[in-house]
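Residue-level structural notes
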Amino acid sequence: MNELPIDKGTRVTLNFALRFTDDEVIDTTFDKQPAVLEIGDENLPENFEAYLIGMKAGEKATHEVPPEKAFGQHNPSNMQMFKRSDFSADMVLDPGVMISFADARQQELPGVVQHVEGDQVTIDFNHPLAGRTLVFEVEIIDVELAQAAH
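Not measured: the values here are computed from a predicted model.

Attention shifts here to the overall build of the protein chain. Each helix and strand in the protein chain was counted, giving 1 helix and 9 strands. Written out in order from the N terminus, the α and β elements of the protein chain read β-β-β-α-β-β-β-β-β-β. Here the C-alpha atoms of the protein chain give a radius of gyration of 19 Å, more than 25% beyond the 15 Å that 2.2 N^0.38 yields for 150 residues. For the protein chain, the C-alpha atoms occupy an extent of roughly 65 × 35 × 25 Å along the three principal directions. Relative to its 150 residues, the protein chain shows a buried fraction of 32%. Long-range pairs, those at least 24 residues apart, make up 64% of the contacts in the protein chain with a sequence separation of at least 6. Within the structure as shown, the protein chain displays about 9,200 Å² of accessible surface, and the carbon and sulfur contribution to it stands at 49%. Side-chain charges in the protein chain split into 11 positive and 27 negative, and the spacing between the mean points of these groups amounts to 2 Å.

So, in structure tokens, the structure goes:
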């Protein structure tokens, strides 16, 4: 078995589960193909990568991840008001509907309709997992140098 520890420049094959603290599953690979990622390729948020550093093939771990290390605290300034007329007349604006906006750099920015009242539409641009403590379970299957994998 490979003894290489996970660090920048390694390619990792792993199973993971991301759950809420009540055990509701958000995402998991335990029931399908393992995930493969390179540390530092931004497939996994940096704070989650930090939990993997130093682990080796065959190791398992479970971490409780507070909001500030996961997707941040819910930020009230990420709630924005729009006029109903800012949207096409046939667009469904029910609470919970996700709408894709473009930010100043023309990057996609998802927002979720929170509230509609008269001509006012409140959109929440917080990450849907903001403010939540998450459970990150991981099982390392293989670790190899990233260059060797190409």
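Here we come to the pairing of strand β2 (residues 25–28). Direction of pairing for strand β1 (residues 10–20) relative to β2: antiparallel, over a ladder of 3 bridges. Within the sheet, the bridge partner assigned to Leu18 lies in β2 and is Asp27. Connecting β1 to the next strand, β2, in antiparallel fashion are 4 residues, including Asp23 with a positive phi near 80°.

Quick look at the packing of aromatic side chains now. With the rule as written, the count across this model stands at 8 aromatic pairs. Pairing Phe101 with Phe125 gives two aromatic rings, centres 5.1 Å apart and planes at 70°, and the pair type is edge-to-face. Of this pair, Phe101 sits in strand β6 (residues 98–102) while Phe125 is found in the loop between β8 (120–124) and β9 (134–145), placing the two residues 24 residues apart along the sequence. The pair Phe101 / Phe125 is uniform in exposure class, with both members buried. Feature note: the residues Phe48, Tyr51, Phe71 and Phe136 constitute an aromatic cluster, connected by ring pairs.

Looking now at the environment of Gly96. Take Gly96: it is sitting in the loop between β5 (79–83) and β6. The exposure class assigned to Gly96 is exposed, which follows from its relative accessible area of 54%. Residues Gly96 and His127, spaced 31 residues apart in sequence, show a C-alpha to C-alpha distance of 13 Å. Those residues within four positions of Gly96 in sequence are excluded, and the remaining contacts are Val112 and Val113.

What follows is about the pairing of β9. For β1 and β9, the ladder comprises 11 bridges, and the chain directions are antiparallel. Opposite Thr10, over in β9, you have Leu145 as the bridge partner.

Tracing the backbone shows Thr122 in strand β8. Taking relative accessible area as the criterion, Thr122 reaches 13% and is therefore assigned buried. Apart from the residues lying within four places of it in its own chain, the contact partners of Thr122 are Met79, Gln80, Met81, Val112, Val113, Gln114 and His115.

Within the secondary structure, Asn2 sits in the segment before β1. On the accessibility criterion, Asn2 (29% relative accessible area) is partly exposed. Separated by 56 residues in sequence, Asn2 and Gly58 have C-alpha atoms that sit 8.9 Å apart. Excluding anything up to four places from it in sequence, Asn2 contacts Ala57, Asp142, Val143 and Glu144.

The rules behind each value
- Residues numbered from 1 in each chain as written.
- Predicted model: local features only at pLDDT ≥ 70, side-chain atom pairs only at ≥ 80, totals over all residues.
- Heavy atoms only, no water.
- Helix = DSSP H or I, 4+ residues; strand = E, 2+ residues; numbered from the N terminus.
- Rg over C-alpha atoms; globule rule 2.2 N^0.38 Å.
- Buried < 20%, exposed > 50% of the residue type's maximum accessible area, 1.4 Å probe, protein only.
- Contact = heavy atoms within 4.5 Å.
- Areas by Shrake-Rupley, 256 points an atom, 1.4 Å probe, with all protein chains shown as cover.
- Lys, Arg positive; Asp, Glu negative; His and termini not counted.
- Charge placed at Lys NZ, Arg CZ, Asp CG, Glu CD.
- Pairing = 2+ DSSP bridges.
- Phe/Tyr/Trp six-rings, centres within 6.5 Å; stacked < 30°, edge-to-face > 60°.

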